[in-house]
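The chain contents come next:
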Amino acid sequence: MQKKQTVKFEFIALMASLMSIVALAIDAILPAMSAIGISINSLDTNNNQLLITMIFLGLGFGQLLFGPLSDSFGRKPIVYIGFSVFAIASVICVLAPTLEWMVVGRILQGVGLAAPRTIAIAVIRDMYKGDYMAKIMSFVTTFFILVPVIAPVMGKFILNHYEWKGIFYVQLIMALLVSIWFWKRQPETLKPEYKIKFTKHVFLDGLKELIKYKETMGFTVISGLISGAFIVYLSASQIIFENQYGLIDEFPYIFAGLAAGVGLSTFLNGSFVMRFGMWRLSYFAIILFSVNALVYVLLFWNSATNPSLPIILLFMAIQFFTIGFIFGNLRAIAMEPIGHIAGIGAAITGFISTLMAVPIANFIGSFVKDTALPLFIGFTIFGTLSFFIFIRMRVLHARID
(Lines give C-alpha, C1' and ligand atoms only; values in the text may rest on other atoms or scores of the structure.)
Protein backbone atom coordinates (compact mmCIF):
# COMPACT_ATOMS: atom_id res chain seq x y z
CA MET A 1 0.00 0.00 0.00
CA GLN A 2 1.47 3.30 -1.08
CA LYS A 3 1.45 6.21 1.31
CA LYS A 4 -1.06 8.86 0.20
CA GLN A 5 0.64 11.90 -1.28
CA THR A 6 -0.92 15.34 -1.71
CA VAL A 7 -1.22 16.82 -5.18
CA LYS A 8 -1.53 20.56 -5.80
CA PHE A 9 -3.21 21.87 -8.93
CA GLU A 10 -0.66 24.67 -9.37
CA PHE A 11 2.20 22.16 -9.32
CA ILE A 12 0.55 20.11 -12.07
CA ALA A 13 -0.13 23.23 -14.13
CA LEU A 14 3.42 24.51 -13.71
CA MET A 15 5.07 21.21 -14.64
CA ALA A 16 2.74 20.95 -17.64
CA SER A 17 3.66 24.48 -18.68
CA LEU A 18 7.37 23.67 -18.55
CA MET A 19 6.79 20.73 -20.86
CA SER A 20 4.22 22.52 -23.02
CA ILE A 21 6.68 25.01 -24.48
CA VAL A 22 8.09 22.00 -26.34
CA ALA A 23 4.68 21.20 -27.84
CA LEU A 24 4.15 24.86 -28.70
CA ALA A 25 7.48 25.02 -30.51
CA ILE A 26 6.61 21.90 -32.51
CA ASP A 27 2.91 22.18 -33.27
CA ALA A 28 2.39 25.93 -33.75
CA ILE A 29 4.47 25.98 -36.94
CA LEU A 30 2.62 23.07 -38.61
CA PRO A 31 0.15 25.29 -40.53
CA ALA A 32 3.06 27.54 -41.53
CA MET A 33 5.32 24.84 -42.97
CA SER A 34 4.58 25.76 -46.59
CA ALA A 35 5.00 29.49 -45.91
CA ILE A 36 8.30 28.90 -44.11
CA GLY A 37 9.48 26.67 -46.98
CA ILE A 38 8.75 29.40 -49.52
CA SER A 39 10.48 32.04 -47.38
CA ILE A 40 13.68 30.00 -47.03
CA ASN A 41 13.58 28.64 -50.61
CA SER A 42 12.84 25.07 -49.58
CA LEU A 43 9.95 23.71 -51.66
CA ASP A 44 10.40 19.97 -51.01
CA THR A 45 7.79 18.98 -48.41
CA ASN A 46 9.78 15.92 -47.33
CA ASN A 47 12.84 18.08 -46.61
CA ASN A 48 10.67 20.50 -44.66
CA GLN A 49 9.73 17.66 -42.29
CA LEU A 50 13.20 18.22 -40.83
CA LEU A 51 11.82 21.33 -39.15
CA ILE A 52 9.81 18.97 -36.95
CA THR A 53 12.08 15.95 -36.54
CA MET A 54 15.29 17.89 -35.88
CA ILE A 55 13.91 19.65 -32.82
CA PHE A 56 13.59 16.18 -31.29
CA LEU A 57 17.27 15.56 -32.03
CA GLY A 58 18.08 18.70 -30.05
CA LEU A 59 15.82 17.53 -27.24
CA GLY A 60 17.71 14.26 -27.04
CA PHE A 61 21.18 15.79 -26.80
CA GLY A 62 19.96 18.59 -24.55
CA GLN A 63 18.61 16.13 -22.02
CA LEU A 64 22.00 14.45 -21.94
CA LEU A 65 23.59 17.78 -21.00
CA PHE A 66 21.05 19.30 -18.62
CA GLY A 67 20.09 16.16 -16.68
CA PRO A 68 23.53 15.61 -15.11
CA LEU A 69 23.92 19.35 -14.53
CA SER A 70 20.64 19.42 -12.61
CA ASP A 71 21.84 16.60 -10.36
CA SER A 72 24.91 18.68 -9.49
CA PHE A 73 23.69 22.26 -9.37
CA GLY A 74 19.96 21.92 -8.69
CA ARG A 75 16.85 21.86 -10.84
CA LYS A 76 16.04 25.58 -11.05
CA PRO A 77 19.26 27.12 -12.47
CA ILE A 78 19.23 24.63 -15.35
CA VAL A 79 15.73 25.68 -16.40
CA TYR A 80 16.87 29.29 -16.73
CA ILE A 81 19.88 28.27 -18.83
CA GLY A 82 17.65 26.18 -21.09
CA PHE A 83 15.20 29.00 -21.72
CA SER A 84 18.12 31.32 -22.55
CA VAL A 85 19.39 28.89 -25.20
CA PHE A 86 15.85 28.61 -26.56
CA ALA A 87 15.63 32.40 -26.91
CA ILE A 88 18.87 32.57 -28.91
CA ALA A 89 17.75 29.66 -31.10
CA SER A 90 14.40 31.32 -31.81
CA VAL A 91 16.20 34.42 -33.10
CA ILE A 92 18.24 32.19 -35.42
CA CYS A 93 15.01 30.69 -36.78
CA VAL A 94 13.47 34.10 -37.39
CA LEU A 95 16.57 35.33 -39.27
CA ALA A 96 17.29 32.04 -41.09
CA PRO A 97 17.86 32.58 -44.86
CA THR A 98 18.00 28.88 -45.78
CA LEU A 99 16.70 25.48 -44.70
CA GLU A 100 20.11 24.63 -43.25
CA TRP A 101 20.09 27.65 -40.93
CA MET A 102 16.48 26.97 -39.95
CA VAL A 103 17.40 23.37 -39.05
CA VAL A 104 20.30 24.66 -36.93
CA GLY A 105 17.87 26.95 -35.11
CA ARG A 106 15.36 24.15 -34.59
CA ILE A 107 18.03 21.81 -33.20
CA LEU A 108 19.16 24.52 -30.78
CA GLN A 109 15.53 25.18 -29.81
CA GLY A 110 15.31 21.51 -28.91
CA VAL A 111 18.54 21.68 -26.91
CA GLY A 112 17.23 24.63 -24.91
CA LEU A 113 13.79 23.16 -24.32
CA ALA A 114 15.33 19.90 -23.12
CA ALA A 115 16.07 21.69 -19.85
CA PRO A 116 12.48 22.49 -18.74
CA ARG A 117 11.24 19.18 -20.18
CA THR A 118 13.84 17.08 -18.35
CA ILE A 119 13.66 19.10 -15.14
CA ALA A 120 9.87 18.79 -15.01
CA ILE A 121 10.19 15.00 -15.02
CA ALA A 122 13.01 15.06 -12.46
CA VAL A 123 11.03 17.38 -10.15
CA ILE A 124 8.02 15.07 -10.33
CA ARG A 125 10.25 12.11 -9.47
CA ASP A 126 11.82 14.12 -6.62
CA MET A 127 8.39 14.59 -5.05
CA TYR A 128 6.39 11.46 -5.99
CA LYS A 129 6.87 7.77 -6.69
CA GLY A 130 4.99 4.65 -7.83
CA ASP A 131 1.45 4.90 -9.15
CA TYR A 132 1.18 8.38 -7.63
CA MET A 133 3.99 9.45 -9.95
CA ALA A 134 2.13 7.89 -12.88
CA LYS A 135 -1.00 9.75 -11.78
CA ILE A 136 0.85 13.08 -11.68
CA MET A 137 2.45 12.36 -15.05
CA SER A 138 -0.98 11.65 -16.51
CA PHE A 139 -2.51 14.87 -15.22
CA VAL A 140 0.55 16.85 -16.31
CA THR A 141 0.28 15.29 -19.76
CA THR A 142 -3.44 16.13 -19.86
CA PHE A 143 -2.62 19.82 -19.48
CA PHE A 144 0.31 19.37 -21.84
CA ILE A 145 -2.03 17.97 -24.52
CA LEU A 146 -4.08 21.17 -24.46
CA VAL A 147 -1.20 22.89 -26.26
CA PRO A 148 -1.29 20.62 -29.36
CA VAL A 149 -5.05 21.20 -29.39
CA ILE A 150 -4.74 24.99 -29.63
CA ALA A 151 -1.22 25.46 -31.05
CA PRO A 152 -2.00 24.77 -34.75
CA VAL A 153 -5.11 26.97 -34.58
CA MET A 154 -3.05 29.71 -32.94
CA GLY A 155 -0.33 29.26 -35.55
CA LYS A 156 -2.88 29.52 -38.35
CA PHE A 157 -4.32 32.70 -36.82
CA ILE A 158 -0.89 34.32 -36.53
CA LEU A 159 -0.01 33.24 -40.08
CA ASN A 160 -3.22 34.71 -41.50
CA HIS A 161 -2.96 38.06 -39.68
CA TYR A 162 0.80 38.60 -39.45
CA GLU A 163 3.43 36.19 -40.80
CA TRP A 164 5.15 32.98 -39.81
CA LYS A 165 7.85 34.83 -37.83
CA GLY A 166 5.16 35.97 -35.39
CA ILE A 167 4.77 32.35 -34.29
CA PHE A 168 8.35 32.35 -32.97
CA TYR A 169 7.80 35.66 -31.20
CA VAL A 170 4.75 34.24 -29.38
CA GLN A 171 6.81 31.19 -28.35
CA LEU A 172 9.41 33.50 -26.84
CA ILE A 173 6.80 35.43 -24.86
CA MET A 174 5.26 32.22 -23.50
CA ALA A 175 8.68 30.87 -22.50
CA LEU A 176 9.42 34.10 -20.63
CA LEU A 177 6.12 33.96 -18.73
CA VAL A 178 6.60 30.32 -17.74
CA SER A 179 10.18 30.93 -16.57
CA ILE A 180 9.02 33.80 -14.34
CA TRP A 181 6.23 31.63 -12.90
CA PHE A 182 8.72 28.81 -12.23
CA TRP A 183 11.15 31.26 -10.57
CA LYS A 184 8.48 32.74 -8.31
CA ARG A 185 6.51 29.66 -7.28
CA GLN A 186 8.56 26.46 -7.49
CA PRO A 187 11.00 25.66 -4.65
CA GLU A 188 14.16 23.70 -5.34
CA THR A 189 13.36 19.97 -5.04
CA LEU A 190 16.85 18.45 -5.17
CA LYS A 191 17.86 17.73 -1.60
CA PRO A 192 21.47 18.67 -0.75
CA GLU A 193 22.33 15.11 0.21
CA TYR A 194 21.32 13.91 -3.27
CA LYS A 195 23.57 16.35 -5.13
CA ILE A 196 26.20 14.61 -7.24
CA LYS A 197 29.54 16.31 -7.80
CA PHE A 198 29.82 17.19 -11.47
CA THR A 199 32.80 15.52 -13.13
CA LYS A 200 33.65 14.39 -16.63
CA HIS A 201 32.69 10.89 -15.52
CA VAL A 202 29.17 11.77 -14.37
CA PHE A 203 27.55 10.54 -17.58
CA LEU A 204 29.45 7.25 -17.67
CA ASP A 205 28.82 6.69 -13.96
CA GLY A 206 25.14 7.41 -14.43
CA LEU A 207 24.93 5.09 -17.43
CA LYS A 208 26.66 2.30 -15.51
CA GLU A 209 24.14 2.73 -12.70
CA LEU A 210 21.22 2.94 -15.12
CA ILE A 211 21.92 -0.27 -17.02
CA LYS A 212 21.63 -2.21 -13.78
CA TYR A 213 17.88 -1.68 -14.01
CA LYS A 214 16.59 -3.82 -16.86
CA GLU A 215 13.02 -2.54 -16.50
CA THR A 216 14.19 1.04 -16.94
CA MET A 217 16.16 0.16 -20.06
CA GLY A 218 13.39 -2.01 -21.51
CA PHE A 219 10.69 0.63 -21.14
CA THR A 220 13.04 3.30 -22.46
CA VAL A 221 13.41 1.26 -25.66
CA ILE A 222 9.63 0.88 -25.89
CA SER A 223 9.25 4.62 -25.45
CA GLY A 224 11.72 5.19 -28.29
CA LEU A 225 9.84 2.87 -30.64
CA ILE A 226 6.41 4.35 -29.94
CA SER A 227 7.76 7.91 -29.99
CA GLY A 228 9.42 7.34 -33.36
CA ALA A 229 6.18 6.18 -34.91
CA PHE A 230 4.29 9.08 -33.34
CA ILE A 231 6.80 11.70 -34.53
CA VAL A 232 6.16 10.48 -38.07
CA TYR A 233 2.57 11.66 -37.64
CA LEU A 234 3.68 15.03 -36.26
CA SER A 235 6.06 15.65 -39.16
CA ALA A 236 3.83 14.21 -41.91
CA SER A 237 0.36 15.31 -40.74
CA GLN A 238 0.55 18.48 -42.81
CA ILE A 239 1.37 16.41 -45.92
CA ILE A 240 -1.44 13.95 -45.23
CA PHE A 241 -4.24 16.42 -44.60
CA GLU A 242 -3.17 19.43 -46.68
CA ASN A 243 -1.55 17.73 -49.68
CA GLN A 244 -3.27 14.34 -49.85
CA TYR A 245 -6.75 15.44 -48.73
CA GLY A 246 -6.56 19.10 -49.73
CA LEU A 247 -7.76 20.28 -46.31
CA ILE A 248 -5.57 23.35 -45.92
CA ASP A 249 -7.92 25.49 -43.83
CA GLU A 250 -9.36 22.52 -41.95
CA PHE A 251 -5.98 20.99 -40.99
CA PRO A 252 -5.46 22.87 -37.68
CA TYR A 253 -8.90 21.78 -36.45
CA ILE A 254 -8.40 18.14 -37.48
CA PHE A 255 -5.04 18.13 -35.70
CA ALA A 256 -6.65 19.71 -32.64
CA GLY A 257 -9.45 17.14 -32.58
CA LEU A 258 -7.03 14.21 -32.66
CA ALA A 259 -4.89 15.84 -29.97
CA ALA A 260 -8.01 16.27 -27.83
CA GLY A 261 -8.53 12.51 -28.02
CA VAL A 262 -5.04 12.00 -26.60
CA GLY A 263 -5.87 14.47 -23.85
CA LEU A 264 -9.07 12.62 -22.97
CA SER A 265 -7.33 9.27 -22.67
CA THR A 266 -4.50 10.82 -20.66
CA PHE A 267 -7.03 12.29 -18.24
CA LEU A 268 -8.76 8.92 -17.95
CA ASN A 269 -5.40 7.29 -17.32
CA GLY A 270 -4.83 9.63 -14.40
CA SER A 271 -8.15 8.47 -12.95
CA PHE A 272 -7.71 4.75 -13.70
CA VAL A 273 -4.03 4.26 -12.86
CA MET A 274 -4.60 4.08 -9.11
CA ARG A 275 -7.21 1.36 -9.64
CA PHE A 276 -5.59 -0.79 -12.32
CA GLY A 277 -1.91 0.16 -12.11
CA MET A 278 0.42 1.63 -14.72
CA TRP A 279 1.65 -1.78 -15.91
CA ARG A 280 -1.77 -3.15 -16.81
CA LEU A 281 -3.05 0.02 -18.47
CA SER A 282 0.01 0.51 -20.68
CA TYR A 283 0.05 -3.21 -21.58
CA PHE A 284 -3.48 -3.24 -22.98
CA ALA A 285 -2.96 0.15 -24.64
CA ILE A 286 0.06 -1.17 -26.57
CA ILE A 287 -1.99 -4.17 -27.71
CA LEU A 288 -4.76 -1.89 -29.03
CA PHE A 289 -2.16 0.45 -30.57
CA SER A 290 -0.65 -2.46 -32.55
CA VAL A 291 -3.89 -4.23 -33.53
CA ASN A 292 -5.63 -1.05 -34.75
CA ALA A 293 -2.67 -0.19 -36.99
CA LEU A 294 -2.47 -3.75 -38.30
CA VAL A 295 -6.17 -3.74 -39.25
CA TYR A 296 -5.65 -0.51 -41.23
CA VAL A 297 -2.64 -1.99 -43.06
CA LEU A 298 -4.54 -5.18 -43.96
CA LEU A 299 -7.58 -3.24 -45.22
CA PHE A 300 -5.70 -0.74 -47.37
CA TRP A 301 -2.49 -2.56 -48.31
CA ASN A 302 -3.23 -2.61 -52.05
CA SER A 303 -4.94 0.77 -52.20
CA ALA A 304 -3.25 3.50 -54.25
CA THR A 305 -5.21 6.21 -52.44
CA ASN A 306 -6.26 7.02 -48.90
CA PRO A 307 -9.65 5.88 -47.60
CA SER A 308 -12.37 8.45 -47.09
CA LEU A 309 -11.69 11.12 -44.48
CA PRO A 310 -14.09 9.71 -41.82
CA ILE A 311 -12.41 6.28 -42.08
CA ILE A 312 -8.84 7.48 -41.63
CA LEU A 313 -9.92 9.82 -38.83
CA LEU A 314 -11.56 6.88 -37.05
CA PHE A 315 -8.38 4.80 -37.22
CA MET A 316 -6.23 7.77 -36.16
CA ALA A 317 -8.57 8.61 -33.28
CA ILE A 318 -8.30 5.05 -31.95
CA GLN A 319 -4.52 5.09 -32.47
CA PHE A 320 -3.99 8.30 -30.58
CA PHE A 321 -6.50 7.44 -27.87
CA THR A 322 -4.12 4.64 -26.87
CA ILE A 323 -1.21 7.11 -26.66
CA GLY A 324 -2.68 8.66 -23.53
CA PHE A 325 -2.42 5.32 -21.75
CA ILE A 326 1.12 4.68 -22.99
CA PHE A 327 3.51 7.63 -22.72
CA GLY A 328 2.95 8.77 -19.13
CA ASN A 329 2.89 5.22 -17.78
CA LEU A 330 5.97 4.13 -19.71
CA ARG A 331 7.96 7.08 -18.41
CA ALA A 332 6.77 6.49 -14.85
CA ILE A 333 7.68 2.78 -14.98
CA ALA A 334 11.12 3.60 -16.39
CA MET A 335 11.78 6.25 -13.72
CA GLU A 336 10.44 4.26 -10.76
CA PRO A 337 13.65 2.32 -9.89
CA ILE A 338 16.04 5.26 -10.40
CA GLY A 339 14.78 7.95 -8.06
CA HIS A 340 18.27 8.29 -6.56
CA ILE A 341 19.58 9.50 -9.95
CA ALA A 342 16.41 11.16 -11.24
CA GLY A 343 18.16 13.94 -13.14
CA ILE A 344 20.76 11.87 -14.99
CA GLY A 345 18.19 9.07 -15.26
CA ALA A 346 15.64 11.30 -16.98
CA ALA A 347 18.41 12.63 -19.22
CA ILE A 348 19.82 9.30 -20.37
CA THR A 349 16.46 7.58 -20.81
CA GLY A 350 15.18 10.60 -22.74
CA PHE A 351 18.33 10.68 -24.87
CA ILE A 352 18.15 6.98 -25.71
CA SER A 353 14.45 7.09 -26.65
CA THR A 354 14.98 10.23 -28.77
CA LEU A 355 18.09 8.82 -30.43
CA MET A 356 15.92 5.88 -31.49
CA ALA A 357 12.88 7.96 -32.42
CA VAL A 358 14.45 10.53 -34.78
CA PRO A 359 15.92 8.06 -37.33
CA ILE A 360 12.68 6.07 -37.23
CA ALA A 361 10.67 9.22 -37.92
CA ASN A 362 12.95 10.46 -40.71
CA PHE A 363 13.00 7.06 -42.43
CA ILE A 364 9.26 6.33 -42.31
CA GLY A 365 8.36 9.96 -42.97
CA SER A 366 10.27 9.87 -46.28
CA PHE A 367 7.72 7.34 -47.57
CA VAL A 368 4.63 9.38 -46.65
CA LYS A 369 4.08 10.94 -50.07
CA ASP A 370 0.91 9.66 -51.78
CA THR A 371 -0.93 7.89 -48.93
CA ALA A 372 -0.86 7.54 -45.14
CA LEU A 373 -0.19 3.79 -45.36
CA PRO A 374 3.53 4.06 -44.41
CA LEU A 375 2.45 5.80 -41.20
CA PHE A 376 0.29 2.86 -40.16
CA ILE A 377 2.93 0.34 -41.24
CA GLY A 378 5.29 2.09 -38.84
CA PHE A 379 2.68 1.97 -36.08
CA THR A 380 2.25 -1.77 -36.68
CA ILE A 381 5.94 -2.69 -36.74
CA PHE A 382 7.04 -0.67 -33.74
CA GLY A 383 3.89 -1.37 -31.75
CA THR A 384 4.45 -5.10 -32.20
CA LEU A 385 8.10 -4.85 -31.22
CA SER A 386 7.06 -2.89 -28.14
CA PHE A 387 4.54 -5.56 -27.22
CA PHE A 388 7.15 -8.33 -27.21
CA ILE A 389 9.59 -6.23 -25.17
CA PHE A 390 6.77 -5.48 -22.72
CA ILE A 391 6.09 -9.21 -22.32
CA ARG A 392 9.75 -9.74 -21.47
CA MET A 393 9.68 -6.91 -18.93
CA ARG A 394 6.57 -8.39 -17.26
CA VAL A 395 8.42 -11.68 -16.83
CA LEU A 396 11.39 -9.91 -15.24
CA HIS A 397 9.09 -7.85 -13.03
CA ALA A 398 7.31 -10.98 -11.80
CA ARG A 399 10.65 -12.57 -10.91
CA ILE A 400 11.71 -9.52 -8.91
CA ASP A 401 8.40 -9.43 -7.02
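Here the structure is a predicted model, which is why all the values come from computation and not from measurement. Each chain has its residues counted from 1, following the order in which its sequence is written. Residues qualify for local features only when their pLDDT is at least 70, as the model is predicted, and side-chain atom pairs are given and counted only at 80 or more; totals for whole chains, interfaces and linings, by contrast, use all residues. Hydrogens are left out, water is left out, and the side-chain values use all remaining heavy atoms of the structure.

A word on the overall build of the protein
1) Next: To qualify as a helix, a DSSP run of H or I must reach at least 4 residues; to qualify as a strand, a run of E must reach at least 2; elements of each kind are numbered from the N terminus. A tally of regular secondary structure across the protein gives 16 helices and zero strands.
2) Next: Taken over C-alpha atoms, the radius of gyration comes to 20 Å for the protein, in line with the 21 Å a tight globule of 401 residues would show.
3) Next: Once the C-alpha set of the protein is aligned to its principal axes, its extents read approximately 55 × 45 × 35 Å.
4) Next: Burial status follows relative accessibility: with a 1.4 Å probe on protein chains alone, a residue under 20% of its type maximum counts as buried, one over 50% as exposed, and anything between as partly exposed. Per-residue burial for the protein yields a buried fraction of 58% across its 401 residues. Both definitions apply: the radius of gyration is a C-alpha atom measure, and the globule rule equals 2.2 Å times residues to the power 0.38.

Quick notes on the confidence of the model for the protein
1) Next: The predictor reports its confidence for every residue as pLDDT, a score running from 0 up to 100. Considering every residue of the protein, the mean pLDDT works out to 87; 96% of them sit at 70 or more.
2) Next: Looking at the elements of the protein, mean pLDDT is at its lowest for helix α9 (residues 202–210), recorded as 79, and at its highest for helix α5 (residues 75–95), recorded as 96.

Focus on the nonpolar core
1) Next: Only buried Ala, Val, Leu, Ile, Met, Phe, Trp, Tyr and Cys residues count toward a nonpolar core, and they belong to the same one when joined by side-chain atoms within 4.5 Å. Among the nonpolar cores identified, the biggest contains 129 residues, and M15, Y233, M316 and F376 are the most heavily contacted of them.
2) Next: By the convention used here, residues are in contact when the closest approach between their heavy atoms is within 4.5 Å. Those residues within four positions of M316 in sequence are excluded, and the remaining contacts are Y233, I240, F241, L258, L375 and F376.

Description of the side chain of S290
1) Next: Mapped onto the elements of the fold, S290 is located in helix α12 (residues 278–300).
2) Next: With a relative accessible area of 8%, S290 lands in the buried category.
3) Next: If near-sequence neighbours (up to four positions away) are discounted, S290 is found in contact with G383 and T384.

Observations concerning the environment of N269
1) Next: One can find N269 in helix α11 (residues 251–276).
2) Next: Measuring from C-alpha to C-alpha, the distance between N269 and T322 comes to 10.0 Å, with 53 residues separating the pair along the chain.
3) Next: What N269 contacts, discounting residues up to four positions off in sequence, is S138, L281, G324, F325 and N329.

Notes on the pattern of salt bridges
1) Next: Just to be clear on terms, a salt bridge is a Lys or Arg side-chain nitrogen sitting within 4 Å of an Asp or Glu carboxyl oxygen. If you walk through the whole model with that rule in mind, you get five salt bridges.
2) Next: A salt bridge links D126 to R75, with the shortest nitrogen-to-oxygen separation between them at 2.9 Å. In this pair, D126 sits in helix α6 (residues 99–127) while R75 sits in helix α5, placing the two residues 51 residues apart along the sequence.
3) Next: Its relative accessible area of 25% is what places D126 among the partly exposed residues.
4) Next: Two residues, K212 and E209, come together in a salt bridge whose shortest N-O distance is 3.1 Å.
5) Next: Under the relative-accessibility criterion, K212 is labelled exposed at 56%.
6) Next: Among the ionic contacts, a cluster of salt bridges with common partners joins D71, R75 and D126.

Regarding the packing of helix α1 (residues 9–27) against α6
1) Next: Here an axis means a line fitted to C-alpha atoms, over the contact stretch when the element is a helix, while the angle between two N-to-C directions is reported on a 0 to 180 degree scale. With their axes 9 Å apart at the nearest point, α1 and α6 run at an angle of 160° to one another. Judged by the inter-axis angle, α1 sits roughly antiparallel to α6. Helix-helix and strand crossings are classified by hand; for α1 and α6 the assignment is left-handed. For the pair formed by α1 and α6, the contact residues are F11, M15, L18, M19, I21, V22, A25 and I26 on the first element and R106, L113, P116, R117, A120, V123, I124 and M127 on the second.
2) Next: Here the residues of the contact of α1 with α6 are counted per class, giving 14 nonpolar, no polar and two charged. By definition in this entry, angles of less than 35 degrees are roughly parallel, angles greater than 145 are roughly antiparallel, angles of 65 to 115 are roughly perpendicular, and the rest are oblique. We call a crossing left-handed when the near helix sits turned anticlockwise from the far one by less than a right angle, and right-handed when that turn is clockwise. Gly falls in the polar group here, along with every residue not listed as nonpolar (Ala, Val, Leu, Ile, Met, Phe, Trp, Tyr, Cys, Pro) or charged (Asp, Glu, Lys, Arg).

What about the packing of aromatic side chains?
1) Next: A pair of aromatic rings is counted whenever rings of Phe, Tyr or Trp (Trp by its six-membered ring) have centres within 6.5 Å, and the orientation is called stacked for planes under 30 degrees apart, edge-to-face for over 60 and tilted otherwise. Applying the stated criterion to the full structure yields 29 aromatic pairs.
2) Next: Seen in terms of ring centroids, Y296 and F300 are 4.8 Å apart; in terms of plane orientation they differ by 50°. Their pairing is tilted. Linking Y296 with F300, this pair stays in helix α12, spanning four residues, or about one helical turn.
3) Next: Y296 gets classed as buried once you look at its relative accessible area, which sits at 1%.
4) Next: Judged by relative accessible area, which is 17%, F300 ranks as buried.
5) Next: In this scheme, the term charge over a ring applies when either NZ of a lysine or CZ of an arginine sits within 6 Å of the ring centre and within 35 degrees of the ring normal. Directly above the aromatic system of F182 lies the positively charged group of K76, at a separation of 5.7 Å from the ring centroid.
6) Next: It is R394 that lies over the ring of Y283; its NZ or CZ is 4.3 Å from the centre.

Topic: the environment of M154
1) Next: The residue M154 is located in helix α7 (residues 130–161) in this model.
2) Next: The spacing of M154 and P252 is 98 residues in sequence and 8.7 Å in space, taken between C-alpha atoms.
3) Next: Excluding its chain neighbours within four sequence positions, the residues that come into contact with M154 are L24, A28 and V170.

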